[in-house]
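Okay, here's what each chain looks like letter by letter:
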Amino acid sequence: MHAHALRPQGRLLLQSGLSVLALVAPISAVLFWLTIPTGTWQPVAIAQGVLVAICALAYLAFTRTIIRVDADGISERGFLGRVASFSTAEVGSVVLLDLYQSGALDTQPQLFVTGTDGRLLVRMRGQYYSRGAMDTVIDQLAVPVVRVPEPMTLQDLNRARPELLYWFERRLTGRTG
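Conventions we followed
Residues numbered from 1 in each chain as written. Predicted model: local features only at pLDDT ≥ 70, side-chain atom pairs only at ≥ 80, totals over all residues. Heavy atoms only, no water. Axes fitted to C-alpha atoms, helices over the stretch in contact; angles between N-to-C directions. Helix = DSSP H or I, 4+ residues; strand = E, 2+ residues; numbered from the N terminus. Parallel < 35°, antiparallel > 145°, perpendicular 65-115°, else oblique. Contact = heavy atoms within 4.5 Å. Core = buried A, V, L, I, M, F, W, Y, C linked by side-chain atoms within 4.5 Å. Buried < 20%, exposed > 50% of the residue type's maximum accessible area, 1.4 Å probe, protein only.

Caption draft 1: Representation of the packing of helix α1 (residues 11-35) against helix α2 (residues 42-64) in the model. α2 packs onto α1 with a crossing angle of 175° between their chain directions and a minimal axis gap of 11 Å. In terms of axis orientation, α1 runs roughly antiparallel to α2. On α2, the residues touching L12, L13, V20, V24, S28, L31, F32 and T35 of α1 are V44, A45, Q48, L51, C55, Y59 and F62.

Caption draft 2: Highlighting the nonpolar core. Among the nonpolar cores identified, the biggest contains 21 residues, and I74, L111, V113, M124, V137 and L141 are the most heavily contacted of them. Taken together, the elements giving at least two residues each to this core come down to β2 (66-70), β4 (83-87), β5 (91-100), β6 (107-115), β7 (120-125) and α3 (131-140). Per-element accounting of this core gives the leading share, four residues, to α3. Not counting residues up to four positions away in its chain, the partners in contact with V113 are I74, V91, S93, V94, R119, L120, L121, V122, V137 and L141. Membership of the second largest hydrophobic core comes to nine residues, among which are L97, M152, L154 and L164.

Caption draft 3: Quick peek at the environment of V145. Positionally, V145 belongs in strand β8 (residues 145-147). Here V145 falls in the partly exposed class, since its relative accessible area comes to 30%. Taking C-alpha positions, V145 is 9.9 Å from F112, a pair spaced 33 residues apart along the chain. The contact partners of V145, leaving out residues within four places of it in the chain, are V94 and I138.

Now the structure itself:
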């Protein structure tokens with residue numbers, strides 16, 4: 001079997017780029033318009049150069065983000081460049097659920113690849129990866145799949161399986177008992 005290379009959806013890059021351009025272009029134009037006549041435009045140009053460099057680094061990080069999966073295991077190179085690889089023997093199960101978006105009635109699919117010890121190995125969020133990409137992971141890894149039938153809120157998931165969430169998503173919940 002050949003490895004499948006799964007990448008985040010390209011429309012995110014386009015949407016992010018257009019958002020940054022819509023924010024920065026008018027501000028930059030006004031700053032240049034105000035500073036060129038007085039000869040103090042250099043700091044604005046330097047700031048603009050730094051912003052372009054940050055955007056170029058973000059573009060590079062986005063294009064290098066990838067999940068590779070085959071029958072032997074799964075590996076992920078994240079947005080910040082961290083590479084993590086796990087053999088099929090290390091994978092305990094796959095959890096697939098729909099998570100409500102904050103403040104909305106819409107849901108996004110979430111796929112969690114967990115280790116035999118229950119810890120989170122790889123997470124695929126519906127904002128970044130398609131349902132088809134998630135199905136590819138399920139098909140390639142011959143491990144049990146837990147499909148949660150009802151959509152969950154972030155708070156519900158935090159109560160039920162906090163180990164599946166990133167550290168910044170975990171919140172103290174009012175557990176009793």
